[in-house]
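Fold and contact review
These are the residues of each chain, in order.
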Amino acid sequence: MSTSRRIRVSLAEFVEAGLLDSENAAAALGRIALHTDIAHAASAELIFEAVPENMALKREIFAVLDKICAPAAILASSSGHPASDLDTLVVRRERVVAAHFWYPPQLLPLVEVCGSPRTELDVIERICRDLKAAGKEPVVIDRELPGFIGNRIQFAALREAWSLWAAGFATAEAIDSIVRNSIGRRLAVTGPIESADLGGLDTMYHFARFLQPYLDVSAEPPTQIKTLVEAGHRGVATGVGVREWGDGKGEDLKSQRRRELMRWLKADERSNG
């Protein structure tokens, strides 16, 4: 699907959900201009790099933007890479910042904002103001680290889930059901640290001392996952992953997730209104 088509489909979904009217959707389309020449970015005040995970390409793009954009322009990356990994060819490194949007970005409010040791504080403050004005929820990370906060927590949970499945403790369906019907609901209201404080820090501390030695600490994903990937099984995209996704199951799950995330956006709108 082309970029233009994806934008139109996304706006139509917002209209259908009652989060946007047709007039504003049409106006939004009118404000979007698509180009393939990076020179068109020269006049921008805030730029987000969102190219594939190719570090050489990312660094080259930042180097070009640094040359053609005004000195005050902010150069941001939506990837999960620290800003200091991306500014190696940049002269004005103080204006480079990581701004990691969560997928799907039109439905999830979080943007993890993290500067390098060279990023000016004013750049952090300006990009957070702009993101907030655009309806996002920027959260500043104080120090750089690979993957930032959200992905590290997400992959810690995924590592344990894959490990439990690969070791035969439970089916993939059972593991997903356990998470979806317990912490999946609770963590939407309270974060993990809030949940531990609510549950009783002493209780959680002592249970952690008992349980943590048994948690998976493997440096690599299970061989069963590697075997699936090498066989071309990519999940919903190919119809087979750890779970089977034929007969429209994958598209049904996407629709279900989209409806639920739209419901949360409506709740956010009511609480902010």
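Higher on the page you've got the structure.
Below is a short write-up of the structure. (Residues numbered from 1 in each chain as written. Predicted model: local features only at pLDDT ≥ 70, side-chain atom pairs only at ≥ 80, totals over all residues. Heavy atoms only, no water.)

1. Comments concerning the environment of Cys-69
- Relative to the helices and strands, Cys-69 is located in the loop between helix H3 (55–68) and strand S2 (74–77).
- Distance from Cys-69 to Ile-47, taken between C-alpha atoms, is 9.5 Å for residues 22 residues apart in sequence. (Helix = DSSP H or I, 4+ residues; strand = E, 2+ residues; numbered from the N terminus.)

2. Notes on the packing of helix H6 (residues 148–166) against helix H11 (residues 223–230)
- The N-to-C vectors of H6 and H11 enclose an angle of 95 degrees; their axes lie 9 Å apart at closest approach. The orientation of H6 relative to H11 falls into the category roughly perpendicular. Mapping the contact onto sequence places Trp-162, Trp-165 and Ala-166 in H6 and Gln-224, Ile-225 and Leu-228 in H11.
- The class makeup of the residues in the contact of H6 with H11 is five nonpolar, one polar and no charged. (Axes fitted to C-alpha atoms, helices over the stretch in contact; angles between N-to-C directions. Parallel < 35°, antiparallel > 145°, perpendicular 65-115°, else oblique. Contact = heavy atoms within 4.5 Å. Nonpolar A, V, L, I, M, F, W, Y, C, P; charged D, E, K, R; others polar.)

3. Here we look at the packing of aromatic side chains
- Scanning all chains against the criterion turns up three aromatic pairs.
- On the basis of an interplanar angle of 85 degrees and a centroid distance of 5.2 Å, the ring pair of Phe-48 and Phe-101 is categorised as edge-to-face. With Phe-48 in strand S1 (residues 46–49) and Phe-101 in strand S3 (residues 96–101), the pair connects residues that are 53 residues apart, well separated along the chain.
- Classification of Phe-48 as partly exposed rests on a relative accessible area of 30%.
- With a centroid separation of 5.9 Å and 55 degrees between ring planes, the pair formed by Phe-210 and Tyr-214 is classed as tilted.
- Taken together, the aromatic side chains of Phe-207, Phe-210 and Tyr-214 make up a single cluster linked through ring pairs. (Phe/Tyr/Trp six-rings, centres within 6.5 Å; stacked < 30°, edge-to-face > 60°. Buried < 20%, exposed > 50% of the residue type's maximum accessible area, 1.4 Å probe, protein only.)

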